[in-house]
Amino acid sequence: MRPAHALAGVACLALAAFAYAQSTPSAAPDNAPVQTAPLEQAPPTWGDPKAGQTKAAVCAGCHGVDGNAMLQNAPRIAGMPERYIAEQLELFKTGQRTSGLAGVMMPFASTLSPQDMRDVGAWFAAQTPGAGVADDTLITSGPNKGLKFYQVGERLFRGGDASRGIPACMACHGPAGEGNPGPAYPALHGQDATYVARRLEEYRAGTTTYKNPAHFQLMAAVSKSLTDEEIRSLASYVQGLHAR
């Protein structure tokens, strides 16, 4: 083939391809609207207390406007670490936490995004926790005879029991029960005694549906050898605990 004929052949093929492309409907025309779909939900940032105050309005019925609950079995969440509250809301939302008032909590938590949970946590973390009263009735029988009822729990909270492998509660929850925002250990000061006792009994039973049970297992190991009296006394002690 002569060079001129070869060039003409190439040009004809190119023009034919262009004409075919113009006459064939495109699967994704240039002027089509862009379709976007996030691969995953954006991770939350640290919470905004002001935004959280609005989002937490629905919580007031059980937990109080400022998180100092008046309803029995509803925990005080004023002063709780932000991460702890966000984590618990996620557990309710995903159906992993099923005890107590979980049936009440799940519908509310199911509407919250991770950022909403952080914002709600930030609001309650900024609130001042109140405190109840510890039971100072004298114990009249048993191994703790002569002690005030709360003193059994105080001894465990402050010093643990090395013979049973029980660490001092304040090692994780703080001397005044203020919790630890880093590993998201909850605040205990002023917590309702009925609520605390129920949670300790759940830990002692050692059964959980959590997908990541590390924190639960830690508490299960601590609680497994506690007696009923010790659980109730610990609950009473932290109910009256507050920072001086």
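Above this text you will find the structure in question.
To keep things clear, this report deals only with the structure shown in the data block. (Residues numbered from 1 in each chain as written. Predicted model: local features only at pLDDT ≥ 70, side-chain atom pairs only at ≥ 80, totals over all residues. Heavy atoms only, no water.)

1. Section: helix H6 (residues 114-125)
Move 1: For H6, built from 12 residues, the straight-helix expectation of 16 Å at 1.5 Å per residue is met to within 8% by its first-to-last C-alpha distance of 16 Å.
Move 2: Judged by how many residues are buried, H6 sits mostly within the fold: 9 of 12 residues are covered.
Move 3: When H6 is considered as a whole, its buried residues turn out to be Asp-116, Met-117, Arg-118, Asp-119, Val-120, Gly-121, Ala-122, Trp-123 and Phe-124. (Helix = DSSP H or I, 4+ residues; strand = E, 2+ residues; numbered from the N terminus. Expected span 1.5 Å × (residues − 1). Buried < 20%, exposed > 50% of the residue type's maximum accessible area, 1.4 Å probe, protein only.)

2. Re the environment of Asp-119
Move 1: Take Asp-119: it is sitting in helix H6.
Move 2: Along the backbone, Asp-119 and Lys-55 are 64 residues apart, and their C-alpha atoms lie at a distance of 7.7 Å.
Move 3: With sequence-adjacent residues up to four places away left out, Asp-119 is seen in contact with Gly-47, Asp-48, Pro-49, Ala-51, Gly-52 and Lys-55.
Move 4: Among the polar contacts listed, one links the side chain of Asp-119 to the backbone nitrogen of Asp-48, at a separation of 2.8 Å. (Contact = heavy atoms within 4.5 Å. Polar contact = N/O pair within 3.5 Å; in protein donor to acceptor, adjacent residues only side chain to side chain.)

3. What about the packing of aromatic side chains?
Move 1: Counted under the stated rule, the structure contains 4 aromatic pairs.
Move 2: Ring plane angle 15° and centroid distance 6.4 Å describe the contact between Tyr-150 and Tyr-237, whose orientation is recorded as stacked. Placement of Tyr-150 in helix H7 (residues 149-159) and of Tyr-237 in helix H11 (residues 228-239) is noted, with a sequence separation of 87 residues between them. In this structure, Tyr-150 and Tyr-237 share a single accessibility class: buried.
Move 3: Geometrically, the ring pair formed by Tyr-203 and Phe-216 is tilted, given 5.1 Å between the ring centres and 50° between the ring planes. With a gap of 13 residues between them, Tyr-203 in helix H9 (residues 193-205) and Phe-216 in helix H10 (residues 214-223) connect regions that are remote in the sequence. For the pair Tyr-203 and Phe-216, a shared accessibility class is recorded, and that class is buried. (Phe/Tyr/Trp six-rings, centres within 6.5 Å; stacked < 30°, edge-to-face > 60°.)

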